[in-house]
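Below are the chains, spelled out letter by letter.
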Amino acid sequence: MTIKELLARKLSPEELALLPTSFDIMGNKEKAVAVIDIPKELEKKEDVIAKAIMKKHRNVRSVLKKASPIKGIYRTRDYVLVRGSKKTEVVHAENDCRFLLDPQTVYFSPRESTERLRMTEKVREGDVVMVFFAGVGPFPIVIEKKSKPSRIIAVEINPVAVEYFWKNIKLNKSQKIEVLLGDVTGNVEQFYGQCDRVLMPLPEKSVEYLPDAIKCLKPGGVCYFYCFSGDDLDEKKEKILYIAKSIKKKIRFIGVQRVLPYGPRVHKYRIDFELIQ
Ligand SMILES: C[S@@+](CC[C@H](N)C(=O)[O-])C[C@H]1O[C@@H](n2cnc3c(N)ncnc32)[C@H](O)[C@@H]1O
């Protein structure tokens, strides 16, 4: 039975039409947390909705309601526990890896698993990979698991995320990842000119860190720049070119990937560009 069918007798047809079409589940077969967006009109029915989710997905031990947009440097959001356990730390299984995390204290999106897998196809044997804004480590850990880099450097500013990242390195027996706790700004100069790949998964603000990303690349190295945009990416590309030029570097665009929908006519995009010199 679907969740809609489970709720058919508890919600009016109008209320059923307002139910979100999807929600995130983080965790594994033993323990998971569901994260839902409850429209204002359904707030009085949120417990019934949470109960239906837990009936349908027997592994879901807690249902959290989004209570704010993603915000702040750490890119986390506020949640309200609608039903279930207060203990929302889970081990999320993805791409043959496992990630210990608590969605209440760190950023993690299960929707980005396909993008992580795509990135593993870009990495070649022996590459030095730099991951800015690494969170609890999903990009570095999946890349090490599926590709053959020689070294991965990861930078993350949220100390709680870094604690999880270290635990996830152990959990996945990763051996090539070096984690730097701190701001990208001021911590990556030592890697200038040394990286074959630089990932920038902070779409709201990647642009501010472009000079450091470009300087980390070797000639021929590739930067993976994430941003939110409509389908016309010209403005973003011009900005990237302008920044490269301002630090006397030459780049060329080599690809664009539409990653995920973000809002009406807005998507998360990845723009790939190569350092020429
Ligand atoms: C959108 S999340 C992505 C996390 C991770 N890459 C993932 O895919 O799950 C961005 C991350 O960047 C971190 N962050 C934000 N500003 C930063 C900065 N200036 N230096 C280092 N990390 C930063 C945040 O704490 C957050 O964990």
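Participant: Which residues make up the overall build of the chain, and what values do they have?
Facilitator: Along the backbone of the chain there are 8 helices and 13 strands. The dimensions of the chain, computed from C-alpha atoms along their principal axes, are 65 × 40 × 30 Å. When each of the 277 residues of the chain is scored for burial, the buried share is 39%. The long-range fraction of contacts in the chain, counting pairs at least 24 apart against all pairs at least 6 apart in sequence, stands at 60%.

Participant: Tell me about the site of the ligand, and please be specific about residues and values.
Facilitator: Within the structure, the ligand sits among 20 residues, and Tyr 107, Phe 133, Gly 135, Ile 157 and Asn 158 are positioned closest to it. When residues of the shell around the ligand are traced back to their parent elements, those giving at least two are α5 (138-146) and β8 (151-156). Taken together, the residues that form the shell around the ligand break down as 14 nonpolar, 2 polar and 4 charged. Both domains that furnish three or more residues to the shell around the ligand are identified here as domain 1 (3-88) and domain 2 (107-275).

Participant: Residues and numbers for the sheet that holds strand β3 (residues 60-66), please.
Facilitator: Spatially, β1-β2-β3-β4 is the arrangement adopted by the 4 strands of the open sheet, whose pairing is mixed. Of all the strands in the sheet, just β1 (24-27) and β4 (79-84) have a single pairing partner and so form its edges. The mean angle between the axes of side-by-side strands here comes to 25°, regardless of whether they run parallel or antiparallel. Along the sheet face, helix α3 (residues 46-56) touches β2 (32-36), β3 and β4 and points at about 60° away from the line of β4.

Participant: Which residues make up the sheet that holds strand β11 (residues 217-229), and what are the values?
Facilitator: Sheet strands pair via backbone hydrogen bonds, and the direction of the pair is either parallel or antiparallel. Spatially, the 7 strands line up as an open sheet ordered β9-β8-β7-β10-β11-β13-β12, and their pairing is mixed. Both edges of this open sheet fall to β9 (177-181) and β12 (251-263), since each of them pairs with a single strand only. Between one strand axis and the next, the sheet turns by 15° as a mean value, whatever way the strands run. Note: β12 against strand β13 (residues 266-275), 10 bridges, orientation antiparallel. Bridging from a neighbouring strand, Val 256 pairs with Ile 271 of β13. This element, α5, spans β7 (128-131), β8, β9 and β10 (195-200) of the sheet and lies at about 170° to β8.

Participant: Which residues make up the packing of helix α4 (residues 113-122) against α5, and what values go with them?
Facilitator: Running from N to C, α4 and α5 point in directions that differ by 50°, and their axes come no closer than 9 Å. On the basis of their axis angle, the class for α4 and α5 is oblique. Crossing hand, α4 versus α5: right-handed. Within the contact between the two elements, α4 uses Arg 116, Leu 117, Met 119 and Thr 120 and α5 uses Pro 138, Phe 139, Val 142, Ile 143 and Lys 146. Grouping the amino acids of the contact of α4 with α5 by side-chain chemistry returns 6 nonpolar, 1 polar and 2 charged.

Participant: Any details on helix α6 (residues 159-171)? Residues and values, ideally.
Facilitator: The terminal C-alpha atoms of α6 lie 18 Å apart, and with 13 residues this matches the ideal 18 Å at 1.5 Å per residue to within 8%. Where α6 is buried, its residues meet β6 (97-101), α5, β8 and β9. Backbone geometry just after α6 places Lys 173 at a positive phi near 55°.

Participant: Got a sec to walk through the domain arrangement of the chain? Specific residues and values, please.
Facilitator: Domain parsing of the chain yields domain 1 (3-88) and domain 2 (107-275). The interface is formed by 6 residues belonging to domain 1 together with 6 residues belonging to domain 2. Class assignment for the residues of the side of domain 1 that touches domain 2 results in 3 nonpolar, 1 polar and 2 charged.

Participant: Report on the nonpolar core, specifying residues and quantitative values.
Facilitator: Core analysis: the largest hydrophobic core is formed by 76 residues, its most contacted members being Phe 132, Val 198, Met 200 and Cys 223. Counting residues per element, this core draws most heavily on β11, at 7 residues. Counting only domains with at least three residues in this core, you end up with domain 1 (3-88) and domain 2 (107-275).

Rules used throughout
- Residues numbered from 1 in each chain as written.
- Predicted model: local features only at pLDDT ≥ 70, side-chain atom pairs only at ≥ 80, totals over all residues.
- Helix = DSSP H or I, 4+ residues; strand = E, 2+ residues; numbered from the N terminus.
- Buried ≥ 20, exposed ≤ 12 C-beta atoms within 10 Å, placed from the backbone.
- Contact = placed C-beta atoms within 7 Å.
- Near = placed C-beta within 6 Å.
- Nonpolar A, V, L, I, M, F, W, Y, C, P; charged D, E, K, R; others polar.
- Domains from an automatic or database assignment.
- Pairing = 2+ DSSP bridges.
- Axes fitted to C-alpha atoms, helices over the stretch in contact; angles between N-to-C directions.
- Parallel < 35°, antiparallel > 145°, perpendicular 65-115°, else oblique.
- Left-handed = near helix turned anticlockwise from the far one by under 90°.
- Expected span 1.5 Å × (residues − 1).
- Core = buried A, V, L, I, M, F, W, Y, C linked by C-beta atoms within 7 Å.

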